[in-house]
Every structure is written in structure tokens, then in C-alpha cells.
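The primary structure of each chain is shown beneath.
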Amino acid sequence: MKLKLLLSVKATLICTIIFSVCGFNAAAQEVIGLQKAVDLALERNLTIKQAEFTAAVTNEDLKQSKYNQLPNLAVSPQGSFNFGRNIDPSTNQFSNQRILAVNGNFTSQVTLFQGGQLRNTVIQNKILLDADKTNVAKVKNDLILNVVTTYLLVLTNQDLVTAAQQQIDVSKIALDRAQKSFDVGNQTLADLSQAKAQLSTNDLNYTNAENQLEQSLLTLKQYMEMDPGTDIKVERPDISKLNNVKTIYDAQEVVKTALAVNPDVLLAEQRQKAAAQGVKIARGNYYPAVVLFGAAGSYFSDAKNTPFGVTPTGKFDTVGFVQNSQQAVVVPNYKVGYKSNPFFRQLSDNFNQSVGVSLQIPIFNRFLSRTAVRKAKLQNQNAEVTAQLARNNLSKIIYQAVWDLQAADKRYASATQTYNANKDAFNIIQQRYTVGLVNSLDYNTSLTNLNKSQFDMIEAQYQVIFRSKVIDYYLGNPITL
């Protein structure tokens, strides 16, 4: 009995350990680095998949436009069983017998000339395929920039949470000192209330920072198509490398480079080329079409019989009378035998072929061709304007991005200087507050200034990094930390 109880306890203990280990693994955080975040987003993002599907459809259109230059071939077999009065296809005469007829035809044609429409359509589809591939690259680049931006935002919010927690720790120490001073009568109730209010304010700052962190993590998970309930931990890069950021750029040189590599501009230019090709396709309707065609066929009919033997019957048939004597004129009667021609024999005998050239000259088609050309020209002009707008917008964005980077760098330098000054001031006030030379109002004001300057410095630091990565994006450089 004791042995069974002991074994039962051991089994329970083992199961508990297994479930504990499994539960720990299930709840373990998944560490996400920037490269892994980018790779997961590129692998799982549905917008990229949609763009790739669109490119695949365009590729099929390109293949089909090439196939349209080839000859076609069609076969049309037909069988019928005719009753009553109908036409015998073998003799084209009316017949009252039942006829089994089989016929078939092979037809083929190839377009020799159609105003260059076939060739121009192939060229247009090639351009459209390049445009769709560029669109895939654009979607990927935009996604990478969004992932990096959100990643940096997560790092910013993590630092803000850490700073907020540090402020709470300092506020707790200050509150403890204020409570002790109040207990011995060295400070008033107002001083104690100020310390409590400062702690409450820092708790609120911590709550807000945590909420911003969770929101940025949720956004990052959405870009990676990850379950929102997944517990992840963002891997922090070496902060010393982030401090060495290039902040001086020549906007004109950046624009010159970006115009050659930016997918937005390339996409607009390729679509404009496709629209220009559409004008050539529409003009092809003005020209004649030359088509080479050929056909071959045969038929079979069981009504088509062939005489194969003549046998006298011993009888005579009257064919007329002599005019004067009215004597009958007779001829011997013969029985003729018939047999149906074999199937393949008829197909061989009735085999026919034809070849020819068809010329279709457009004379008047209710102005459809002219309208198509005018619409194609308008679409081309609109595409040209769209391409120019893309270049102008890119130029404006880059000039703004260069200015933002320089402004962020100046703001970071000012924020760092302000933080260091407030830090020195707070250290002095904290020492004087400890010995009772400074009241709680001055102390809390100095602590608030220090907290705000620390927050501003953290945000300014990551703004410099983010603005620099934006410039890398427009230059076509890989975005890494």
C-alpha cells in the first residue's frame, strides 16, 4: 500500500514538472531583432502577396500576347442521322431515305498584319510586367520602412518606460524623506502633499509610457502578421552605434540619386511608357488586317452507293411503239446490285483542301477607332502628369526629410544640453533638500524639469535615427540598425 502511494506521489510530481516546463516554454518570450522583424513581415505580409499575384497575372497576359502571334488550329467533326426528305450530302439531291452522315473539317489561320497591334501589345505587356514587379518592390520597401519606424518607436517607448520607472524610484525616496521630516516636524503637510503629488504624477507618466509601448508592440506584430497575444521582446541594438549617425546631406544630390532608384517614380514612369504604347495599339485599328487561312475536310454518307453487278431477269421492258404498226419495242430487264462505299474510302475520295488570304479594310466603324486613339492619348497625357507629380513629390519629400534630419539633430543636441543642465541642477537641489535648505516645491519643480528633459532627450535621439533611416530609404540603401 505504501509502495503504491509512493509511486503515485512520484508520478504526480513528474507530471507537475513536465507541465511546468511546458507551460514555461509556452509562456516564454520570443526575442525579435530588427532583421527578423523585417524578414517575418516580408514573408507573411498579405499586401505583398497581393502585389505578387497581380504581377503573376500580368505575366500570364504577356505570355498570351506572344501566343496570339501563332496560328490557331481547330477541328469540327459532326455526325447526323437524317429522316424523311432531306439532301444527300454526297449528291446534293433530295432523298426520302434515312441517311447517316459524318463530316469534319480542320481550319487554321494566322494574322500576317494587323497594324502592329500584336507586336505592340507584347511590348506593352512587358512594360506592365516590369511595372508590377516595381510595385512589388515598392510595397516591400514601404513595409520595411514602416517596420523600422515602428521598431524604433518600440525602443523609444522602452526607454521612456525605464526613465519613468527611475522617476518613480526617485519620487519614492523623496516621499520617504518628506514623511520622516513631517513626522519630526521639520516639514509641513503641504510639503508632504507635494511629494505625494509628484509620485502620483510619475505613476501616471509610467502608465502612459507603458500604454504607448504596448500600442507600438501591437503595431509591430500586425506588420509581421503575428498573433496579437504573442509575447515578444524587442532586441536592443548597440546604442553606441546608433549615436554615430550621418546627419549632413546635400538635398540636391539625394534627389538626383533617388530619382533613379525610388520605386514610386520608377512605377509612374513605367506606367507612362505602357500608356504611350497603348496609343500605338489604338492606332493599329486604322490599318487593314491580312489573315492567311487554310482548311481541310471530308465527309461520309451511307446513302452513297456504287453499282457492283448487273444480272438479267429474263423479263422485258416496253420502251416505246412503232408509229405506223403500233408494234411494241422492248428491251431486256436487268437487276443492278448496289453496295455502300466503305467509310475510309469515302473519306479519302471526298477529302478537300483550301488555302487563301483574307484582307479586311476598315472604312467606317462608327468612329470607334478614332475614339479609342483619343482616349489612349488622354490616358498617356494623364500618365505623363502622374509621373511628373511623382518626381515633384519625391523632390519635396526629400528636401523636407533632409531639413527634418538637420532639425532633429539640432533638437537632440539642445535636449542633451538641457538634460545635463537639469541633471546638475537637480543634484545640487537634492543635496540642499536633504539638509533642509530647499523646500519641497523647489525640489519637485527641479525633478519635474529633469524628468521632462530626459523624455525630450530620448525622443530626440530616436528622431535623429529615424530621420536618417528615411534618407537611407530614399537613397535605396538597406535599412538596418
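You'll find the structure just up there.
Residues numbered from 1 in each chain as written. Predicted model: local features only at pLDDT ≥ 70, side-chain atom pairs only at ≥ 80, totals over all residues. Heavy atoms only, no water.

Draft legend 1. Region of the structure containing the overall build of the protein. Within the protein, the regular secondary structure consists of 11 helices and 11 strands. Out of the 481 residues belonging to the protein, those deemed buried represent 33%. Look at the contacts in the protein between residues 6 or more apart in sequence, and 81% of them connect residues 24 or more apart. If you sum the accessible surface of the protein, you get close to 29800 Å²; carbon and sulfur atoms cover 56% of it. (Helix = DSSP H or I, 4+ residues; strand = E, 2+ residues; numbered from the N terminus. Buried < 20%, exposed > 50% of the residue type's maximum accessible area, 1.4 Å probe, protein only. Contact = heavy atoms within 4.5 Å. Areas by Shrake-Rupley, 256 points an atom, 1.4 Å probe, with all protein chains shown as cover.)

Draft legend 2. Quick peek at the nonpolar core. If you look at the biggest cluster of nonpolar residues, it comprises 59 residues, and the most contacted ones within it are Leu 220, Met 224 and Ile 398. Leave out the neighbours within four places in its chain, and Met 224 touches Ile 32, Ala 37, Leu 40, Ala 41, Arg 44 and Ile 232. With 17 residues, the next largest nonpolar core counts Ala 415, Tyr 433, Val 438 and Leu 447 among its residues. (Core = buried A, V, L, I, M, F, W, Y, C linked by side-chain atoms within 4.5 Å.)

Draft legend 3. The pairing of strand 6 (residues 99–113), seen in detail. Pairing of strand 2 (residues 72–75) with strand 6, which is carried by four bridges, proceeds in the antiparallel orientation. Within the sheet, the bridge partner assigned to Asn 72 lies in strand 6 and is Gln 109. Across five bridges, strand 3 (residues 78–82) lies against strand 6 in antiparallel orientation. Looking at strand 6, one finds that Ser 80 is bridged to Ala 101. Strand direction decides the pairing type here: strand 6 and strand 8 (residues 289–301), joined by 12 bridges, are antiparallel. The residue of strand 8 that forms the bridge with Ala 101 is Ser 301. (Pairing = 2+ DSSP bridges.)

Draft legend 4. Seen up close, helix 7 (residues 251–261). Within the sequence span of helix 7, burial applies to Ala 251, Val 254, Val 255 and Ala 258. Seen from one end, helix 7 has its buried residues packed into an arc of 100°, which puts them on one side. Facing away from the buried surface of helix 7 by more than 90 degrees, the exposed residues are Gln 252, Lys 256 and Ala 260. Measuring from the backbone nitrogen of Gln 252 back to the side-chain oxygen at the start of helix 7 gives 3.2 Å, which picks out Asp 250 as the cap. (Arc of directions from axis to C-beta. Polar contact = N/O pair within 3.5 Å; in protein donor to acceptor, adjacent residues only side chain to side chain.)

Draft legend 5. Spotlight on the environment of Pro 263. Structurally, Pro 263 is set in helix 8 (residues 263–283). Once the C-alpha coordinates of Pro 263 and Asn 135 are considered, the two residues, 128 residues apart in sequence, prove to be 7.0 Å apart. Residues in contact with Pro 263, not counting those within four places in the same chain, are Thr 134, Lys 138 and Asn 141.

Draft legend 6. Highlighting the packing of aromatic side chains. Under the defined criterion, the tally for this structure stands at five aromatic pairs. Considering the side-chain rings of Phe 300 and Phe 343, the 5.0 Å spacing of their centres and the 55° angle between planes classify their relative orientation as tilted. Taken together, the residues span a long stretch of sequence, with Phe 300 in strand 8 and Phe 343 in helix 9 (residues 343–349) at a distance of 43 residues. The class of Phe 343 is partly exposed, set by a relative accessible area of 33%. On the numbers, 5.1 Å between centres and 70° between planes, the contact of Tyr 473 with Tyr 474 is edge-to-face. On the accessibility criterion, Tyr 474 (12% relative accessible area) is buried. Clustering of aromatic rings is evident, with ring pairs tying together Phe 300, Phe 343 and Phe 344. (Phe/Tyr/Trp six-rings, centres within 6.5 Å; stacked < 30°, edge-to-face > 60°.)

Draft legend 7. View of the side chain of Asn 125. With respect to the helices and strands, the residue Asn 125 is situated in helix 4 (residues 117–183). Asn 125 sits in the buried class, given a relative accessible area of 10%.

Draft legend 8. The pattern of salt bridges, seen in detail. For the structure on display, the rule yields nine salt bridges. For Lys 138, the salt bridge identified is with Asp 264, shortest N-O distance 3.4 Å. Within this pair, whereas Lys 138 is found in helix 4, its partner Asp 264 is found in helix 8, the two being separated by 126 residues in sequence. Residue Asp 264 is classed as partly exposed on the basis of its relative accessible area, which comes to 29%. The partner of Lys 452 in a salt bridge is Asp 456, and the shortest N-O contact between them spans 3.0 Å. Of this pair, Lys 452 and Asp 456 both sit in helix 11 (residues 440–475), four residues apart, which is roughly one turn of the helix. Exposure remark for Lys 452: the relative accessible area of 52% places this residue in the exposed category. Bridged by salt links that share partners, the residues Lys 138, Asp 142 and Asp 264 form one connected network. (Salt bridge = Lys/Arg side-chain N within 4 Å of Asp/Glu carboxyl O.)

Draft legend 9. View of the packing of helix 7 against helix 10 (residues 368–434). At a minimum axis separation of 9 Å, helix 7 and helix 10 run at an interaxial angle of 140°. Between helix 7 and helix 10, the angle falls in the class oblique. Like other packed secondary-structure pairs, helix 7 and helix 10 cross with a definite hand, here right-handed. Judged by residue contacts, Ala 251, Gln 252, Val 254, Val 255, Ala 258 and Leu 259 of helix 7 engage Arg 391, Leu 394, Ser 395, Ile 398, Tyr 399 and Val 402 from helix 10. Class assignment of the residues belonging to the contact of helix 7 with helix 10 gives a composition of nine nonpolar, two polar and one charged. (Axes fitted to C-alpha atoms, helices over the stretch in contact; angles between N-to-C directions. Parallel < 35°, antiparallel > 145°, perpendicular 65-115°, else oblique. Left-handed = near helix turned anticlockwise from the far one by under 90°. Nonpolar A, V, L, I, M, F, W, Y, C, P; charged D, E, K, R; others polar.)

Draft legend 10. Representation of a positive patch on the surface. A cluster of like positive charges, contributed by Arg 283, Arg 370, Arg 374 and Lys 377, occupies part of the molecular surface. By residue number, the principal contributor to the positive patch is helix 10, which donates three residues. Following the sequence through the fold, Lys 377 ends up in helix 10. The exposure class of Lys 377 is partly exposed, given its relative accessible area of 39%. (Patch = residues over 30% accessible without salt bridge, like charges linked within 9 Å, V, L, I, M, F, W, Y side chains within 5 Å. Lys, Arg positive; Asp, Glu negative; His and termini not counted. Charge placed at Lys NZ, Arg CZ, Asp CG, Glu CD.)

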